[in-house]
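# Chains, contacts and geometry: an overview
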Amino acid sequence: MEDFLILRELPEPITSDELDAAAKASGETLEELREEGTDIEWVDSEVLTDDRDGIVGTFCHYRAESEGAVHEHADRAGLPATKVTRRGDPLSGE
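Residues numbered from 1 in each chain as written. Predicted model: local features only at pLDDT ≥ 70, side-chain atom pairs only at ≥ 80, totals over all residues. Heavy atoms only, no water.

### Some thoughts on the packing of helix H1 (residues 16-35) against helix H2 (residues 67-77)
The criterion, for reference: For helices, the fitted line uses only the C-alpha atoms of the stretch in contact; every axis is such a line through C-alpha atoms, and the angle between N-to-C directions lies from 0 to 180 degrees. The numbering of helices and of strands both runs from the N terminus, where a helix is a DSSP run of H or I of at least 4 residues and a strand a run of E of at least 2. Relative orientations are named as follows: roughly parallel for angles under 35 degrees, roughly antiparallel for angles over 145 degrees, roughly perpendicular for angles from 65 to 115 degrees, and oblique for any other angle. A clockwise turn of the near helix away from the far one marks a right-handed crossing, whereas an anticlockwise turn of less than a right angle marks a left-handed crossing. By definition in these notes, contact holds between two residues if any of their heavy atoms fall within 4.5 Å. All amino acids are sorted into three groups, where Ala, Val, Leu, Ile, Met, Phe, Trp, Tyr, Cys and Pro are nonpolar, Asp, Glu, Lys and Arg are charged, and the leftover types, Gly among them, are polar.
Taken N-terminus to C-terminus, the directions of H1 and H2 make an angle of 130°; their axes are 9 Å apart at the nearest point. Of the possible angle classes, the one that applies to H1 and H2 is oblique. Judged by the sense of rotation from one axis to the other, the crossing of H1 with H2 is right-handed. Residue-level inspection shows Ala-25, Ser-26, Thr-29, Leu-30, Glu-32 and Leu-33 of H1 in contact with H2, the latter providing Ala-69, Glu-72, His-73, Arg-76 and Ala-77. Tallied by class, residues from the contact of H1 with H2 come to five nonpolar, three polar and three charged.

If you want it as structure tokens, here you go:
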């Protein structure tokens, strides 16, 4: 599997409850894809907020067999996939 980073920009800010519902849909879709034989897993996500603490997107890290699997997951789960890229070597902080 390869590492992918997904930018999910939202057209309008959402609430924490809406983000929780999206995460649930994502998890259910990941299970379905794995049951169908697709190698894909969620690693972690960073939540992007505006100055009013509205959630305007996420930056997600997935491991998957292909970029196509990442897009299939997003389509089935009803999630945006504004930009999908392979993850390079990470940089360390201080």
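### Details of a negative patch on the surface
This is how it is decided: Surface patches are drawn from residues lacking salt bridges whose relative accessible area is over 30%; two like charges belong together within 9 Å, two nonpolar side chains (Val, Leu, Ile, Met, Phe, Trp, Tyr) within 5 Å. Areas reported here follow the Shrake-Rupley algorithm with a probe of radius 1.4 Å; residue values treat only the protein chains shown as occluding. Salt-bridge detection follows one rule: a side-chain nitrogen of Lys or Arg within 4 Å of a carboxyl oxygen of Asp or Glu. Here the positive residues are Lys and Arg and the negative ones are Asp and Glu; neither His nor the chain ends is included. Charge placement uses NZ in Lys and CZ in Arg. For Asp and Glu, CG and CD serve respectively. When accessible area is computed with a 1.4 Å probe and restricted to protein chains, residues below 20% of their type maximum are described as buried, those above 50% as exposed, and intermediate ones as partly exposed.
A contiguous patch of negative charge, built from Glu-28, Glu-31, Glu-32 and Glu-35, is present on the exposed surface. As for its placement among the helices and strands, Glu-35 is situated in helix H1. Taking the relative accessible area as the measure of exposure, Glu-35 reaches 70% and is therefore exposed.

### Some words on the environment of Phe-59
Inspection of the secondary structure assignment puts Phe-59 in strand E3 (residues 55-64). Relative accessible area serves as the criterion here: at 37%, Phe-59 is assigned to the partly exposed category. For the pair Phe-59 and Ala-81, spaced 22 residues apart in the sequence, the C-alpha separation amounts to 9.8 Å. What Phe-59 contacts, discounting residues up to four positions off in sequence, is Leu-5, Ile-6, Leu-7, Asp-44, Ser-45 and Glu-46.

Everything listed here is a matter of coordinates, which is why it stays silent on function.
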